[in-house]
Amino acid sequence: MRYITIALAKGRLAHSTIELLEKIGISCEEIKDKSSRKLIFVNEELKLKFFLAKANDVPTYIEYGAADIGIVGKDTILEEGRKMYEVLDLGLGKCRMCVAGPASAGEYLRHGELIRVATKYPNIAKDYFYNKKYQTVEIIKLNGSIELAPIVGLSEVIVDIVETGSTLRENGLEVLEEIADLSARMVVNEVSMKMEHERINKIIADLKQVLQDQREQIDRKE
Ligand code: PRP
């Protein structure tokens with residue numbers, strides 16, 4: 001039996017993803033050791049390999065088949081636009097991709113004005129403004145703290161992730177338009193899906209079951 005390789009996005013998502021995998025009996029103790037510099041972890045019994053990669057790189061590993069299964073945010077999937085199957089919404093890390101700015105910038109959006117848009121997600125921003133709104137804009141790529149841009153006058157609006165909304169609120173900004181709902185997704189290499197369909201489908205089915213059980217538990221509490 002060959003190894004199935006799972007690529008996990010480093011960062012916020014990794015911890016909850018590992019917990020979810022443990023619930024379906026896929027465990028990898030070593031990956032939890034934060035002091036380790038090891039990059040790849042093996043579960044010999046299950047013939048699985050795991051690695052943690054920069055979120056943006058996960059779709060690349062999957063498209064090229066260097067990993068069979070990936071777990072990564074929908075934001076990264078949309079931004080990277082790689083060829084692969086998105087098979088399951090894990091419901092983790094729920095947030096929204098939004099156009100945000102000061103309330104006064106709403107006018108520019110309503111009138112389709114030529115404005116500057118700062119973002120860490122230039123492809124998502126381009127697709128939204130050009131293909132969905134037919135509004136010509138100038139896109140400025142930034143690497144973080146995007147909310148700064150409209151405050152210091154670099155751009156009129158931003159395209160960014162909004163989770164609780166507190167970063168926007170604390171900086172006098174607000175959601176002006178919603179682009180997409182985001183959460184962690186399971187993605188699969190197209191060839192692996194055919195070659196290893198039995199093992200991969202079992203993982204998908206087990207995860208679906210756990211997610212459904214969790215939902216039912218929450219419903220019962222409410
Ligand atoms: C993300 C995002 C927002 C913030 C939204 O930034 O870019 O800034 O979280 O969360 P909130 O709605 O709960 O306030 P992140 O912390 O990942 O860092 P970054 O600014 O460097 O991208």
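Residues numbered from 1 in each chain as written. Predicted model: local features only at pLDDT ≥ 70, side-chain atom pairs only at ≥ 80, totals over all residues. Heavy atoms only, no water.

Novice: How should the side chain of E177 be read in this particular structure?
Specialist: Mapped onto the secondary structure, E177 falls in strand 10 (residues 174-182). Within the local environment of E177, its side chain forms a polar contact with the side chain of K133, the two groups lying 2.9 Å apart. If we skip the residues at most four places from it in the chain, E177 touches C98, V99, L109, Y128 and K133. (Helix = DSSP H or I, 4+ residues; strand = E, 2+ residues; numbered from the N terminus. Polar contact = N/O pair within 3.5 Å; in protein donor to acceptor, adjacent residues only side chain to side chain. Contact = heavy atoms within 4.5 Å.)

Novice: Can you help me understand the pairing of strand 8 (residues 138-141) in this one?
Specialist: Looking along a regular strand, one sees side chains alternate from face to face of the sheet. As paired elements, strand 7 (residues 116-119) and strand 8 share four bridges and run parallel to each other. Along strand 8, the bridge assignment pairs T119 with K141. As a crossover connection, the stretch from strand 7 through helix 5 (residues 122-132) into strand 8 is right-handed. (Pairing = 2+ DSSP bridges. Right-handed = clockwise from strand over helix to strand, strands pointing away.)

Novice: Would you mind showing me how to read the sheet that holds strand 9 (residues 157-162) here?
Specialist: The strands making up a sheet are joined through hydrogen bonds of the backbone, oriented either antiparallel or parallel. If you trace the five strands from one edge of the open sheet to the other, you get 8-7-9-6-10, paired in mixed fashion. The two strands at the open ends of the sheet, each matched to only one other strand, are strand 8 and strand 10. Geometrically, the sheet is characterised by an average inter-axis angle of 25 degrees between neighbouring strands, direction not taken into account. Sheet topology places strand 7 next to strand 9; three bridges connect them, and they run parallel. Residue pairing for strand 9: V117 is matched across the bridge by V157. (Axes fitted to C-alpha atoms, helices over the stretch in contact; angles between N-to-C directions.)

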